[in-house]
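Descriptive structure summary
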Amino acid sequence: MAPEGTETYLPSEDTALLIRALSGWGSGSVLEIGFGSGAVLQSLLTRFSLVVGTDITSPDRARMAKGSAEVVLADRASCFREGTFDLVAFNPPYLPSEAIRDRTVDGGRGGIEVPMSFLDDALRVLKADGRIVVLLSDHGDLRGFVSHCIGLGLSISEAARAALFYESLVVYEIRRR
Ligand SMILES: C[S@@+](CC[C@H](N)C(=O)[O-])C[C@H]1O[C@@H](n2cnc3c(N)ncnc32)[C@H](O)[C@@H]1O
């Protein structure tokens with residue numbers, strides 16, 4: 001049984017947008033933090049030589065998501081050494097929340113607390129010239145996230161956007177300057 005608050009996130013509009021935003025990317029090694037159903041990992045399989053995902057979901061669900069990607073039950077990228085990946089992508093839990101009750105969607109304060117923690121670990125395992133691709137929603141504090149990246153000396157630009165009737169989803173590309 002999955003730990004409380006770690007049900008599998010079913011593929012949604014955000015999943016589809018991240019898949020689309022990554023469709024031009026290929027070659028080398030890619031890590032997806034928070035693989036959920038495995039839909040994004042599946043979309044990357046034919047284009048990268050190494051496709052790896054982490055999640056805090058249950059072993060059974062990880063097995064279902066596997067395909068021929070490598071999946072690891074781990075917190076963010078904690079199990080990898082520094083400078084491993086060419087690309088790190090994530091569609092993190094991003095809904096503003098006072099506390100983290102549902103770990104598939106609750107993003108903490110401003111909806112960016114959890115995304116910023118994913119970013120920290122992504123930067124650690126990213127190669128010097130690697131890229132991070134992250135999906136967020138305008139329900140969260142997008143300005144706060146962008147300022148955080150700039151404060152870390154990173155370059156951040158918008159790579160894709162989708163307007164839904166209840167929110168806008170934004171995909172950012174981040175790299176070191
Ligand atoms: C919004 S869902 C996205 C799932 C999938 N990538 C998609 O796009 O459909 C966020 C995912 O992050 C996972 N997650 C939350 N906290 C995590 C952590 N500390 N380490 C790894 N994965 C985590 C959740 O279990 C969930 O599967």
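Residues numbered from 1 in each chain as written. Predicted model: local features only at pLDDT ≥ 70, side-chain atom pairs only at ≥ 80, totals over all residues.

Let us now look at the overall build of the chain. A tally of regular secondary structure across the chain gives five helices and nine strands. Scanning the chain from its N terminus toward the C terminus, one meets helices and strands in the order α-β-α-β-α-β-β-β-β-α-β-α-β-β. For the chain, the C-alpha radius of gyration of 15 Å lies close to 16 Å, the compact-globule estimate for 177 residues. Viewed in the frame of its principal axes, the chain has a C-alpha envelope of about 35 × 35 × 30 Å. (Helix = DSSP H or I, 4+ residues; strand = E, 2+ residues; numbered from the N terminus. Rg over C-alpha atoms; globule rule 2.2 N^0.38 Å.)

What follows covers unusual backbone geometry. For Ser 27, which is not a glycine, the phi torsion comes out positive at approximately 85 degrees. Of note, Arg 76 is a non-glycine position whose phi angle comes to about 50 degrees, a positive value. Among the secondary structure elements, Arg 76 is positioned in the loop between β3 (70–73) and β4 (85–90). Under the C-beta neighbour-count criterion, Arg 76 is labelled buried, with 24 such atoms within 10 Å. (Buried ≥ 20, exposed ≤ 12 C-beta atoms within 10 Å, placed from the backbone.)

The next thing to look at is the nonpolar core. Of all hydrophobic cores here, the largest spans 41 residues; its most connected members are Val 88, Ala 89, Ala 122 and Val 134. Considering every element that reaches this core, the biggest residue donor is strand β7 (residues 126–137), with six residues. Residue contacts for Ala 89: discarding those within four places in its chain leaves Leu 18, Leu 22, Val 30, Glu 32, Val 40 and Val 133. (Core = buried A, V, L, I, M, F, W, Y, C linked by C-beta atoms within 7 Å. Contact = placed C-beta atoms within 7 Å.)

Neighbouring the ligand are 25 residues, the closest being Tyr 9, Thr 15, Gly 34, Gly 36 and Asn 91. Mapped onto the shell around the ligand, the elements with two or more residues apiece are α1 (13–21), α2 (39–44) and β2 (50–55). The biggest single contributor to the shell around the ligand is α1, with three residues. Residue composition of the shell around the ligand, by class: 11 nonpolar, nine polar and five charged. (Near = placed C-beta within 6 Å. Nonpolar A, V, L, I, M, F, W, Y, C, P; charged D, E, K, R; others polar.)

Taken in spatial order, the seven strands line up as β3-β2-β1-β4-β7-β9-β8 in an open sheet, and their pairing is mixed. Sheet topology places β3 and β8 (154–163) at the edges, where each strand pairs with a single neighbour. Strand-to-strand twist in this sheet, taken as the mean axis angle between neighbours without regard to direction, amounts to 20 degrees. Relative to β7, β4 is paired through five bridges, and the arrangement is parallel. Across the sheet, the residue bridging to Val 88 is Ile 132, located in β7. Lying over the sheet, helix α5 (residues 142–151) contacts β7, β8 and β9 (168–176), oriented at roughly 155 degrees with respect to β8. (Pairing = 2+ DSSP bridges. Axes fitted to C-alpha atoms, helices over the stretch in contact; angles between N-to-C directions.)

Our focus in this paragraph is the environment of Thr 54. Tracing the chain through its elements places Thr 54 in strand β2. When the C-alpha atoms of Thr 54 and Ala 77 are compared, they prove to be 6.9 Å apart, with 23 residues separating the residues in sequence.

Here the focus is helix α4 (residues 113–125). Taking 1.5 Å per residue as the helical rise, α4 with its 13 residues ought to reach 18 Å, and the 19 Å between its terminal C-alpha atoms agrees with that figure. Here α4 has its buried residues at Glu 113, Val 114, Pro 115, Phe 118, Leu 119, Asp 121, Ala 122 and Val 125. Looking at the buried side of α4, the elements it contacts are β1 (29–33), β4, β6 (106–108), β7 and α5. (Expected span 1.5 Å × (residues − 1).)

Counting buried positions over the six residues of β2 gives five, a clear majority of the element. After leaving β1, the chain enters α2 and then returns to the sheet as β2, a path that is right-handed. Of the pairings in the sheet, the one linking β2 to β3 comprises four bridges and is parallel in character. Bridge pairing in β3 links Thr 54 to Val 72. (Right-handed = clockwise from strand over helix to strand, strands pointing away.)

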